[in-house]
Amino acid sequence: METFSGTLTESSSSMTSLNLKSFDLSCEQDILQYVAAVCEDEDTEISSAVLTPPISLSLNTYEVLLTQLLPKCLLRGKLVRLSLANSNLNAKVAAFVSHLLSLPGKLTSLDLSGNCLGDLGAACIASAFKELPLQEGASLNLISLSTLNLSANSITDTGAVALTRGISAFID
């Protein structure tokens with residue numbers, strides 16, 4: 001963790017993008033330590049995160065990233081663009097993304113293209129829209145979200161209908 005802290009200290013004021021492809025992170029623990037250090041550093045300004053890892057990540061690692069670490073960035077209002085494109089994500093990971101969308105924040109762009117979400121993953125994402133309580137204090141993530149890229153995810157008409165219904169429930 002010391003090496004990550006040193007990297008952050010040198011560049012914290014100028015860092016605006018967290019891109020896992022830019023670093024030689026060879027194991028899941030390195031990735032989690034690095035993202036944790038970035039997300040916990042109050043002085044680091046992160047507006048964009050590209051979390052397409054250089055290695056395949058386990059379901060447990062995605063759960064930690066999407067339910068524990070990235071929410072810290074969202075709650076600070078710093079993270080506005082998130083890309084998990086081409087990360088071999090499946091429907092189980094989509095449930096974690098749905099949780100992330102339900103948190104307060106100012107996420108404007110979410111790129112999940114080129115994964116394996118399928119209809120079940122689309123339904124998980126749609127549930128974030130359906131279950132949002134439309135009241136004061138509602139999630140700013142869904143309100144702010146202007147771009148959602150789900151291309152190349154093997155989503156059929158069934159998944160598209162689920163997404164349409166979820167978004168329609170949010171808009172109505």
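Residues numbered from 1 in each chain as written. Predicted model: local features only at pLDDT ≥ 70, side-chain atom pairs only at ≥ 80, totals over all residues. Heavy atoms only, no water.

## Some remarks on the overall build of the protein chain
The condition that has to hold: Numbering of helices and strands runs from the N terminus, with a helix taken as a DSSP run of H or I at least four residues long and a strand as a DSSP run of E at least two residues long. For each residue, the accessible area found with a 1.4 Å probe, counting protein chains only, is set against the maximum for its type, and the residue is called buried under 20%, exposed over 50%, and partly exposed in between. Contact definition: two residues touch when any of their heavy atoms are within 4.5 Å.
Looking only at helices and strands, the protein chain features 7 helices and 5 strands. Counting from the amino terminus, helix and strand elements in the protein chain follow one another as α-β-α-β-α-β-α-β-α-α-β-α. Burial analysis of the protein chain (172 residues in total) assigns 47% to the buried set. Summarising the internal contacts of the protein chain: among those between residues at least 6 apart in sequence, 84% fall at separations of at least 24.

## Re unusual backbone geometry
Even without a glycine there, the phi angle at Ala-152 is positive, about 55 degrees. In this structure, Ala-152 sits in the loop between β5 (147–149) and α7 (157–171). Judged by relative accessible area, which is 59%, Ala-152 ranks as exposed. Even without a glycine there, the phi angle at Ser-154 is positive, about 55 degrees. Ser-154 gets classed as exposed once you look at its relative accessible area, which sits at 63%.

## Quick notes on α7
What counts here: By this rule, a helix spans an expected 1.5 Å times one less than how many residues it contains. To be clear, the arc concerns the directions from the helix axis to the C-beta atoms.
With 15 residues, α7 ought to run about 21 Å at 1.5 Å a step, and its terminal C-alpha atoms sit 21 Å apart, in line with that. Those residues of α7 that fall on the buried side of the exposure criterion are Gly-159, Ala-162, Leu-163, Gly-166 and Phe-170. Buried residues of α7, viewed axially, fall in a sector of 95 degrees; they line one side. Exposed side of α7, more than 90 degrees from the buried face: Asp-157, Thr-158, Arg-165 and Ile-171 are the residues found there.

## Focus: the environment of Thr-158
As for its placement among the helices and strands, Thr-158 is situated in helix α7. Taking C-alpha positions, Thr-158 is 9.5 Å from Gly-118, a pair spaced 40 residues apart along the chain.

## Things to note about the packing of helix α4 (residues 91–101) against helix α5 (residues 118–130)
This is how it is decided: Lines fitted to C-alpha atoms define the axes, with helix axes restricted to the stretch in contact, and inter-axis angles between N-to-C directions lie between 0 and 180 degrees. We call two directions roughly parallel when the angle between them is under 35 degrees, roughly antiparallel when it is over 145, roughly perpendicular when it lies between 65 and 115, and oblique otherwise. Classification used: nonpolar for Ala, Val, Leu, Ile, Met, Phe, Trp, Tyr, Cys and Pro, charged for Asp, Glu, Lys and Arg, polar for all others including Gly.
The geometry of α4 relative to α5 is characterised by a closest axis approach of 8 Å and an angle of 10 degrees between their N-to-C directions. In terms of axis orientation, α4 runs roughly parallel to α5. Contact with α4, carried on its side by Ala-91, Ala-94, Ala-95, Val-97, Ser-98 and Leu-101, involves Leu-120, Gly-121, Cys-124, Ile-125, Ser-127 and Ala-128 of α5 and no other residues of that element. Residues that form the contact of α4 with α5 fall into these classes: 9 nonpolar, 3 polar and no charged.

## A few points about the side chain of Ser-127
Keep this limit in mind: Each polar contact in these results corresponds to two N or O atoms within 3.5 Å; when the atoms are within protein, one needs to be able to donate a hydrogen and the other to accept it, and residues that are neighboring in sequence are counted only if both atoms are side-chain atoms.
Residue placement: Ser-127 occurs in helix α5. A distance of 3.3 Å separates a polar atom in the side chain of Ser-127 from a polar atom in the side chain of Ser-98. A distance of 2.5 Å separates the side chain of Ser-127 from the backbone oxygen of Cys-124, its partner in a polar contact.

## Brief notes about the confidence of the model for the protein chain
As a reminder, the rule being used: The quantity known as pLDDT measures the predictor's confidence residue by residue, on a range of 0 to 100.
Looking at the protein chain as a whole, the pLDDT averages 79, with 77% of positions reaching at least 70. Low pLDDT (under 50) marks residues 1–15, which in the prediction has 22 contacts with non-local residues, meaning those over four places away or in another chain.

## Some points on the environment of Ser-144
Checked against the element boundaries, Ser-144 lands in helix α6 (residues 140–144). A relative accessible area of 24% places Ser-144 in the partly exposed class. Along the backbone, Ser-144 and Val-80 are 64 residues apart, and their C-alpha atoms lie at a distance of 9.0 Å. Dropping the residues within four chain positions of it, Ser-144 is found in contact with Gly-105, Lys-106, Leu-107 and Thr-108.

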